[in-house]
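Each chain, letter by letter, is given below.
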Amino acid sequence: MKKTAFLASLAFMSAAFGYEAQVTKGALPATVQAMLEKANAETQVNFKESDFYLIEDRALATSRFQMYVQHSQQIPVAATAIRIWSDKVSNELILAEMHLSEATKKGEKSLALKYSKAKFSPGALKSKKLSQAISHIIAQEVAKHDTDNRIISMKFTDQWVNGDLVRAVEVRGRRGVHHISVSLLKNAVVEKNYMEFPQSEQFQTVRANVFPIYEEVESTGEKLPYEVKELKFISVNLPDGGENPLSVFNDVKFPENRYHPVLAETEVGQQYDFWSEAALRRKVETAVSQFPTRANDFANGMLLQGKYATINLHPAAKEFKEVNFPLKASTNHLISWFNVDEEWEAKPVSGLQGKVITSEDDLLSRLPERLPDHDPVAYINSGFDEVQVYYGVTVLMDALAEMGFEDAELSTKPFHAFLYDPDLSMKDNAYYYDNTINFTTYNSHQANLARDNPTIWHELGHGVMERIMGTHLGYADSKGGYGGLSEGMADFVAKIIVEHQTSGADFPGKNDFRIINNTGFYLTNEFHDEGEAYGGAMNDMLDVVIAKYGREGLYDFTDLTLEAMRLTRNHPALSAKSWYEHMLYADELGSEVREVGQFKDIIANALVKRNFSLAADFKPSSMKVTFEKGELTNASDASRDRPLVECGVDGVVTHDLKIDLKSGDAKFIKFPAIVKVEFKKGALQGAIKWEGEETNPTIYSVNSEDEILNIQLKASMDCETVNQPDGSCKDYAYLQVFNHDNLKPVAKKRFYLKLNKAECI
Ligand SMILES: [Zn+2]
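Residues numbered from 1 in each chain as written. Predicted model: local features only at pLDDT ≥ 70, side-chain atom pairs only at ≥ 80, totals over all residues. Heavy atoms only, no water.

### Description of the overall build of the chain
Turning to step 1, where the next piece is worked out: The number of helices and strands found in the chain is 16 helices and 30 strands.
Turning to step 2, where the next piece is worked out: Viewed in the frame of its principal axes, the chain has a C-alpha envelope of about 115 × 65 × 55 Å.
Turning to step 3, where the next piece is worked out: Per-residue burial for the chain yields a buried fraction of 51% across its 761 residues.
Turning to step 4, where the next piece is worked out: Pairs at least 24 apart in sequence give 65% of the contacts found in the chain among residues at least 6 apart. (Helix = DSSP H or I, 4+ residues; strand = E, 2+ residues; numbered from the N terminus. Buried < 20%, exposed > 50% of the residue type's maximum accessible area, 1.4 Å probe, protein only. Contact = heavy atoms within 4.5 Å.)

### Considering the nonpolar core
Turning to step 1, where the next piece is worked out: Membership of the largest hydrophobic core comes to 99 residues, with the highest contact counts inside it found for Leu231, Met541, Phe557, Trp579, Tyr580 and Met583.
Turning to step 2, where the next piece is worked out: The greatest single-element share of this core, amounting to 11 residues, is contributed by helix H10 (residues 384-402).
Turning to step 3, where the next piece is worked out: Discounting chain neighbours no more than four positions away, the residues touching Met583 are Met538, Met541, Phe557, Leu560, Ala564 and Ile603.
Turning to step 4, where the next piece is worked out: In terms of nonpolar packing, the next biggest core, distinct from the first, is built from 38 residues, Phe618, Met717, Cys729 and Val746 among them. (Core = buried A, V, L, I, M, F, W, Y, C linked by side-chain atoms within 4.5 Å.)

### Quick look at the sheet that holds strand S10 (residues 188-196)
Turning to step 1, where the next piece is worked out: Strand order in the open sheet formed by 4 strands is S7-S8-S9-S10, and the pairing between neighbours is antiparallel. Two strands close off the open sheet at either side, each with one partner strand: strand S7 (153-161) and S10. Along the sheet, successive strands turn relative to each other by an average axial angle of 15 degrees, direction set aside.
Turning to step 2, where the next piece is worked out: Sheet topology note: the strand S8 (residues 164-172)/strand S9 (residues 176-183) ladder contains 7 bridges and is antiparallel. (Pairing = 2+ DSSP bridges. Axes fitted to C-alpha atoms, helices over the stretch in contact; angles between N-to-C directions.)

### With respect to the environment of Pro212
Turning to step 1, where the next piece is worked out: Position of Pro212 relative to the elements: it lies in the loop between strand S11 (203-210) and strand S12 (227-235).
Turning to step 2, where the next piece is worked out: Between the C-alpha atom of Pro212 and that of Val228, which follows or precedes it by 16 residues, the distance is 9.2 Å.
Turning to step 3, where the next piece is worked out: When neighbours within four sequence positions are excluded, Pro212 is seen to be in contact with Pro225, Tyr226, Glu227, Lys229, Asn453 and Trp457.

### Comments concerning the domain arrangement of the chain
Turning to step 1, where the next piece is worked out: Assigned domains of the chain: these are domain 1 (3-106), domain 2 (111-196), domain 3 (477-616) and domain 4 (622-760).
Turning to step 2, where the next piece is worked out: A separation of 61 Å is found between the C-alpha centroids of domain 1 and domain 3. (Domains from an automatic or database assignment.)

### Quick notes on H10
Turning to step 1, where the next piece is worked out: Over its 19 residues, H10 runs 27 Å from end to end, which matches the ideal 27 Å to within 8%, given 1.5 Å per residue.
Turning to step 2, where the next piece is worked out: With 19 of its 19 residues buried, H10 lies for the most part within the structure.
Turning to step 3, where the next piece is worked out: With its phi angle positive at about 120 degrees, Gly404 sits one or two positions after the end of H10. (Expected span 1.5 Å × (residues − 1).)

### What about the pairing of strand S20 (residues 430-433)?
Turning to step 1, where the next piece is worked out: Side chains Ala430 and Tyr432 project from S20 onto a buried face, and the interleaved Tyr431 and Tyr433 project onto a face without burial.
Turning to step 2, where the next piece is worked out: For S20 and strand S21 (residues 436-439), the ladder comprises 4 bridges, and the chain directions are antiparallel. Following the sheet pairing, Ala430 is matched in S21 by Phe439.
Turning to step 3, where the next piece is worked out: Once S20 ends, the chain turns through 2 residues before running back antiparallel as S21, passing Asp434 with a positive phi of about 45 degrees.

### Re the pattern of salt bridges
Turning to step 1, where the next piece is worked out: Inspection of every chain in the model, using the stated rule, returns 39 salt bridges.
Turning to step 2, where the next piece is worked out: In this structure, Asp158 engages Arg167 in a salt bridge whose closest nitrogen and oxygen atoms are separated by 2.7 Å. For the pair shown, Asp158 and Arg167 are each scored as buried.
Turning to step 3, where the next piece is worked out: Note that Asp164 is salt-bridged to Lys186, the shortest N-O span being 3.3 Å. Of this pair, Asp164 sits in strand S8 while Lys186 sits in the loop between S9 and S10, placing them 22 residues apart in sequence.
Turning to step 4, where the next piece is worked out: Look at Asp164 and you get buried, because its relative accessible area is 8%. (Salt bridge = Lys/Arg side-chain N within 4 Å of Asp/Glu carboxyl O.)

### Some thoughts on the packing of aromatic side chains
Turning to step 1, where the next piece is worked out: Summed over the entire model, instances satisfying the criterion amount to 27 aromatic pairs.
Turning to step 2, where the next piece is worked out: Here Tyr115 and Trp160 contribute two aromatic rings whose centre-to-centre distance is 6.2 Å and whose plane-to-plane angle is 50 degrees, an arrangement assigned as tilted. Highlighted residues: Tyr115 in helix H3 (residues 108-117) and Trp160 in strand S7, separated in sequence by 45 residues. Considered together, Tyr115 and Trp160 belong to a single accessibility category, that of buried residues. (Phe/Tyr/Trp six-rings, centres within 6.5 Å; stacked < 30°, edge-to-face > 60°.)

### Focus: a negative patch on the surface
Turning to step 1, where the next piece is worked out: Taken together, the side chains of Glu256, Asp341, Glu342 and Glu343 make up a negatively charged region of the molecular surface.
Turning to step 2, where the next piece is worked out: With respect to the secondary-structure elements, Asp341 resides in the loop between strand S17 (329-340) and strand S18 (343-353).
Turning to step 3, where the next piece is worked out: Look at Asp341 and you get exposed, because its relative accessible area is 71%. (Patch = residues over 30% accessible without salt bridge, like charges linked within 9 Å, V, L, I, M, F, W, Y side chains within 5 Å. Areas by Shrake-Rupley, 256 points an atom, 1.4 Å probe, with all protein chains shown as cover. Lys, Arg positive; Asp, Glu negative; His and termini not counted. Charge placed at Lys NZ, Arg CZ, Asp CG, Glu CD.)

### Structural notes on the packing of helix H14 (residues 551-567) against helix H15 (residues 576-589)
Turning to step 1, where the next piece is worked out: At their nearest, the axes of H14 and H15 sit 8 Å apart, and the two run at 120 degrees to each other. The orientation of H14 relative to H15 falls into the category oblique. As H14 runs across H15, the sense of the crossing is right-handed. Contacts from Phe557, Leu560, Thr561, Glu563, Ala564, Met565 and Leu567 in H14 reach Trp579, His582, Met583, Tyr585, Ala586, Asp587 and Leu589 in H15.
Turning to step 2, where the next piece is worked out: Of the residues assigned to the contact of H14 with H15, the class counts are 10 nonpolar, 2 polar and 2 charged. (Parallel < 35°, antiparallel > 145°, perpendicular 65-115°, else oblique. Left-handed = near helix turned anticlockwise from the far one by under 90°. Nonpolar A, V, L, I, M, F, W, Y, C, P; charged D, E, K, R; others polar.)

### Some details on the coordination of the zinc ion
Turning to step 1, where the next piece is worked out: Distances from the zinc ion to its protein donors, His458 (NE2), His462 (NE2), Glu487 (OE) and Glu487 (OE), fall within 2.1 to 2.8 Å.
Turning to step 2, where the next piece is worked out: The buried category is assigned to His462, whose relative accessible area is 10%. (Donors = N, O, S within 2.8 Å, 3.2 Å for Na, K, Ca; no water.)

### What about the packing of helix H13 (residues 527-549) against H15?
Turning to step 1, where the next piece is worked out: Remark: H13 packs on H15, axes separated minimally by 12 Å, with the N-to-C direction vectors making an angle of 20 degrees. As summarised for this structure, H13 and H15 are arranged roughly parallel, according to the angle between their axes. Crossing angle aside, the handedness with which H13 passes H15 is right-handed. Counting all contacts with H13, which are made through Tyr534, Ala537, Met538 and Met541, the residues of H15 involved are Ala576, Trp579, Tyr580 and Met583.
Turning to step 2, where the next piece is worked out: A per-class count over the contact of H13 with H15 returns 8 nonpolar, no polar and no charged.

### A closer look at unusual backbone geometry
Turning to step 1, where the next piece is worked out: In this structure, Pro672 follows Phe671 across a cis peptide bond, with omega equal to -5 degrees.
Turning to step 2, where the next piece is worked out: A cis amide bond, omega -10 degrees, links Asn696 with the succeeding residue Pro697.
Turning to step 3, where the next piece is worked out: Along the chain, Pro697 turns up in the loop between strand S26 (673-678) and strand S27 (698-702).
Turning to step 4, where the next piece is worked out: A positive phi is found at Asp434, a non-glycine position, where the angle reads about 45 degrees.

Encoded structure:
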């Protein structure tokens with residue numbers, strides 16, 4: 001409405017808009033009666049005071065404000081109001097404005113008829129049956145939306161709109177609000193629109209070249225193309241920590257003998273200076289929050305720091321000479337341990353700021369080049385890896401937020417990435433630790449993991465789990481609080497994001513992911529392999545869910561997984577059984593987006609197919625391996641951490657193994673089964689010279705569960721390559737059981753040797 005176009009007293013609008021008028025200071029008494037008299041005189045309609053609800057009457061600083069809304073059959077008429085501002089002392093009119101619907105008033109009788117014909121009454125309008133019918137129409141309407149088709153909440157108002165009784169429904173989605181109007185008389189959608197939530201102004205978006213998945217396929221070395229994508233949620237302002245942002249911690253001690261994650265959270269523990277990574281992190285964040293801020297823009301040199309990720313170089317990257325930009329300390333830290341006077345002490349150490357961005361063209365000119373030697377200095381100078389890691393982290397967090405990761409603080413704090421750890425013993429690695437994701441340098445034949453989103457997403461999977469499942473979580477299945485569940489679920493988080501990004505589209509290397517396997521529960525002897533059963537089972541479930549529900553299924557199952565993570569938060573001894581029980585419980589609870597019990601059967605069926613059941617009397621298929629020292633387990637002799645050590649410079653060592661396969665209730669291992677002894681192709685294999693490795697693998701067949709398979713392993717004392725700091729070689733024979741129809745093993749155990757240990761000579 002253009003008020004300036006109005007005459008001082010009143011004005012007519014076209015009939016479709018009804019009657020609008022503005023009455024200025026002192027022109028009429030400041031009463032609704034006076035206004036209605038005016039309106040009636042101008043419209044020849046007989047508005048009565050009883051046609052209006054008084055809905056607001058309040059003192060403003062400079063006037064008294066009253067607001068009336070027109071109604072018919074007790075239902076408000078859309079966009080009608082009489083608003084009156086008057087002098088608080090003299091009651092003199094300051095201003096009045098009227099927006100009335102003549103048509104509604106004139107058609108009062110026919111509206112009443114329509115209303116009663118449709119069997120409406122104030123009570124019927126609030127009936128559950130009507131509400132459900134309309135909800136159904138709304139759900140169908142929202143489902144049609146491309147990017148925001150989840151209903152988080154719904155509220156409605158009934159009103160008359162142009163002679164039609166309309167229910168205006170406001171649906172909150174993940175990213176915005178749908179306004180949908182349904183005619184209650186016609187039972188149809190009459191209007192709809194969608195508005196995204198206002199984007200917070202703290203962030204900015206720029207465009208850059210990135211790899212949507214990864215730079216190269218691990219198995220084939222094939223190179224994939226990069227493309228222009230948005231880098232979202234870059235902070236508009238950054239804390240300015242000066243030359244040495246963490247200097248306040250110079251004299252604060254975090255000694256190992258005061259490390260205690262539980263006590264650090266208690267008052268008494270804090271009195272005695274107990275600390276933990278989380279407590280230290282809070283201290284640093286408090287210090288950083290007090291720094292002045294500066295604009296993070298092209299003029300100042302933009303850094304890749306934002307809502308979900310900050311990009312830093314590893315503090316030790318200072319040792320790289322010929323970096324062509326100044327290496328300044330960043331306000332983000334990682335924890336370093338120092339040995340001081342025979343005691344271990346932790347310190348928060350600043351990372352280094354990355355390469356600044358001076359314009360979008362400058363950023364778009366950062367192109368990835370796959371250097372044959374992965375020269376870290378050239379990579380640092382190009383600045384591409386920073387962009388890729390920022391992109392990878394942000395995509396994951398943004399996607400999870402869209403799918404229900406909305407937990408206060410946990411879902412909104414950035415992860416801190418540290419690139420180019422120069423430590424040579426850390427080469428070819430990426431890992432998660434205490435809110436940080438860390439990258440190293442790479443050997444020429446390895447992939448640069450900073451350009452590999454699924455790797456970034458796996459590591460962040462550990463981070464998301466740590467945030468939601470808590471830092472006090474304990475795993476029952478493995479020692480050291482680090483289990484197959486953790487590895488399998490990190491793989492699964494990565495899988496969720498791959499699926500979110502690709503919607504099932506193929507890409508080179510997709511089928512090489514570890515999560516795609518046939519490994520069963522109870523059929524491995526180390527957590528790397530155990531994780532395959534967890535991840536594999538989750539993957540099986542998601543495949544079925546997506547086949548049944550499509551992309552919506554991905555969102556729903558992610559919602560379920562996140563809820564199961566919340567419900568297992570800080571579980572002191574989480575096992576496969578308790579994890580899946582909590583998934584089923586989360587399923588039973590249902591959610592804003594899930595039906596109660598929606599995934600019950602899918603979860604149960606997937607578990608049966610992985611040699612797993614929650615039933616107490618369930619007997620899984622088994623693979624028992626025995627040798628001269630008893631049974632091979634995850635903690636026995638010949639396991640990863642306790643390899644059989646044998647000394648000498650020549651000769652051959654021999655071990656006689658017996659393999660006993662049982663199919664149990666699960667019938668997971670099927671006969672005749674194939675047993676392959678793999679010497680070469682497993683991860684990190686190749687240091688020991690095994691007899692028979694020329695014809696790798698050695699293949700056996702087991703015809704029934706009564707047959708015991710005898711295998712003789714022979715290895716040369718003479719190492720093929722030394723892979724241990726003490727001059728020895730450590731390696732394993734990979735005992736893998738295949739069902740006839742499977743390309744991947746259903747059971748696998750590793751038998752470890754460590755040979756030619758120098759000090760025995
Ligand atoms: Zn991992």
